[in-house]
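Topology and contacts: notes
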Amino acid sequence: MLTTTQYIAPLMANFDPSYSKDSTVQYLDNGEVFVVQWERVRLPGKESAGAFTFQAALYKTGRISFSYRDIPLTLDVIGSAEHPVKAGLSDAFMVMSSTSQSPDGAQQTIYEYHRVEIDMTKITNSSAVEITPLPTCLVHDSCERCLSSNQTSGCSWCNVLQRCSDGMDRHRQEWLDYSCSEESKDATCDDYFKEDGFTASSVAPKTEDTTPLIPEQRECKRDDEIFITGSDVKTKSSTKSKELSHTGIIAGIAAALVLLLALILVAICIHCYPTGLSPLYLIQRRKSYWPSMKFQNQRPGYTEVEGEGHEKHSIVEAGPC
């Protein structure tokens, strides 16, 4: 549906540029205007009627012009069974919204918020159409201009998004997500200024009004050290916790060194006295402590094909322990 409601069409029809090598679609962009030109294109089944040549120009200022050089047929005789026949502009967008039938699910809705249809009976040889944009709500960047401008109508100011809109443009999804329609209903700019002032005072309170649960913290330099004042109990407890953490790290390192030393002594004992009771006990019961890995030659489950003169190497696979 978006492809049928989003287009800039000087002439939309079932043209076939591949019919002839003379048929081309060219474009030009110089930074100020973007031009697309369909030259000597023909309609399937009506090739003998002649070729169409026309162009569309999109200017940086927003102005759009359609120019028609060769129109060999009246557009009312072009059939729309295989392809739509249109001339003009259309824009639409898709939004996601929840429905009463399925609150958990989302409904996709396509909004065609604007369309310009050109009278196709006036599209003839050497004709042109110029489309000039009108000011919309989106051009206003402040609440005062949005609500008081006489150039636009139906505009509302969404203070959360800091945007002026009538709710029907490309940003409608955000307009719905932030409930801008409800926020801007019967609201004035003074109401927004009051809310902003209240929000600013609540977000940045004075330090003297802080509660005892969050003591005021200041940095003061004493004997080349930085202390955080405001709660003596917290300062002492934080110092004690740091001391305890250092003690725990030292104890852990010492325990690891003792264990490593014990393992080294056991290994030296086994190596120097392999026939002792303890080493023999460990060797006899090694299967219950350390499983052994067995390797065996097995035939693969597929056939290998090699050229002559190549030796086939056996594949060594690791079997189960």
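Rules behind the numbers
- Residues numbered from 1 in each chain as written.
- Predicted model: local features only at pLDDT ≥ 70, side-chain atom pairs only at ≥ 80, totals over all residues.
- Heavy atoms only, no water.
- UniProt positions renumbered as here; feature names shortened; annotations may be inferred.
- Pairing = 2+ DSSP bridges.
- Helix = DSSP H or I, 4+ residues; strand = E, 2+ residues; numbered from the N terminus.
- Axes fitted to C-alpha atoms, helices over the stretch in contact; angles between N-to-C directions.
- Contact = heavy atoms within 4.5 Å.
- Polar contact = N/O pair within 3.5 Å; in protein donor to acceptor, adjacent residues only side chain to side chain.
- Disulfide = S-S within 2.5 Å.
- Buried < 20%, exposed > 50% of the residue type's maximum accessible area, 1.4 Å probe, protein only.
- Phe/Tyr/Trp six-rings, centres within 6.5 Å; stacked < 30°, edge-to-face > 60°.

In the annotation of an unreviewed UniProt entry, the protein is listed under the name PSI domain-containing protein and assigned to Poecilia mexicana. Under the heading Sequence similarities (unreviewed entry), UniProt records this for the protein: "Belongs to the plexin family."

**Brief notes about the sheet that holds strand E6 (residues 86-98)**
Here we have 3 strands laid out as an open sheet, ordered E1-E6-E7, and antiparallel in their pairing. Among the strands making up the open sheet, the edge pair consists of strand E1 (7-12) and strand E7 (106-117). Between one strand and the next, the sheet's axes are offset by a mean angle of 25°, whatever the strand orientation. Judged from the 11 bridges that link them, E6 and E7 form a sheet pairing that is antiparallel. Opposite Asp91, over in E7, you have His114 as the bridge partner.

**Considerations on the environment of Glu39**
In this fold, Glu39 is placed in strand E3 (residues 33-41). In this structure the C-alpha to C-alpha distance between Glu39 and Phe52, which are 13 residues apart in sequence, comes to 6.5 Å. When residues no more than four places from it in sequence are discounted, the contact partners of Glu39 are Asp22, Ser23, Thr24, Gln26, Phe52, Thr53 and Arg69. Reaching out from Glu39, the side chain makes a polar contact with the side chain of Gln37 at a distance of 3.2 Å.

**Quick word on the state of the cysteines**
Within the structure shown, the criterion is met by 4 disulfides. Disulfide partner of Cys137: Cys155, at an S-S distance of 2.0 Å. As the torsion about the S-S bond is roughly -85°, the Cys137-Cys155 disulfide counts as left-handed. With Cys137 in the loop between strand E8 (127-131) and helix H2 (143-148) and Cys155 in the loop between H2 and strand E9 (156-158), this pair connects stretches of sequence that are 18 residues apart. Each sulfur of the disulfide joining Cys143 and Cys189 lies 2.1 Å from the other. One disulfide, between Cys143 and Cys189, carries an S-S torsion of -100° and so falls in the left-handed class. Taken together, the positions of Cys143 in helix H2 and Cys189 in helix H5 (residues 189-203) put the pair 46 residues apart, joining distant regions of the chain. For the pair shown, Cys143 and Cys189 are each scored as buried. Sequence-ordered numbering of the bonded cysteines in the protein gives a pairing of 1-4, 2-8, 3-6, 5-7.

**Some remarks on the packing of aromatic side chains**
This model, assessed by the stated rule, comprises 7 aromatic pairs. Here the aromatic rings of Phe15 and Phe52 are separated by 5.2 Å at their centres, their planes lie at 65°, and the arrangement is edge-to-face. Here Phe52 lies in strand E4 (residues 52-59) and Phe15 lies in the loop between E1 and strand E2 (24-29), a separation of 37 residues in the sequence. One exposure class covers both Phe15 and Phe52, and it is buried. Ring geometry for Phe93 against Tyr113: centres 5.4 Å apart, planes inclined by 40°, an arrangement best described as tilted. Placement of Phe93 in strand E6 and of Tyr113 in strand E7 is noted, with a sequence separation of 20 residues between them. According to the relative accessible area criterion, Phe93 is buried, its value standing at 7%. An aromatic cluster is built from Phe15, Trp38, Phe52, Phe54 and Tyr68, whose rings are joined through pairwise contacts.

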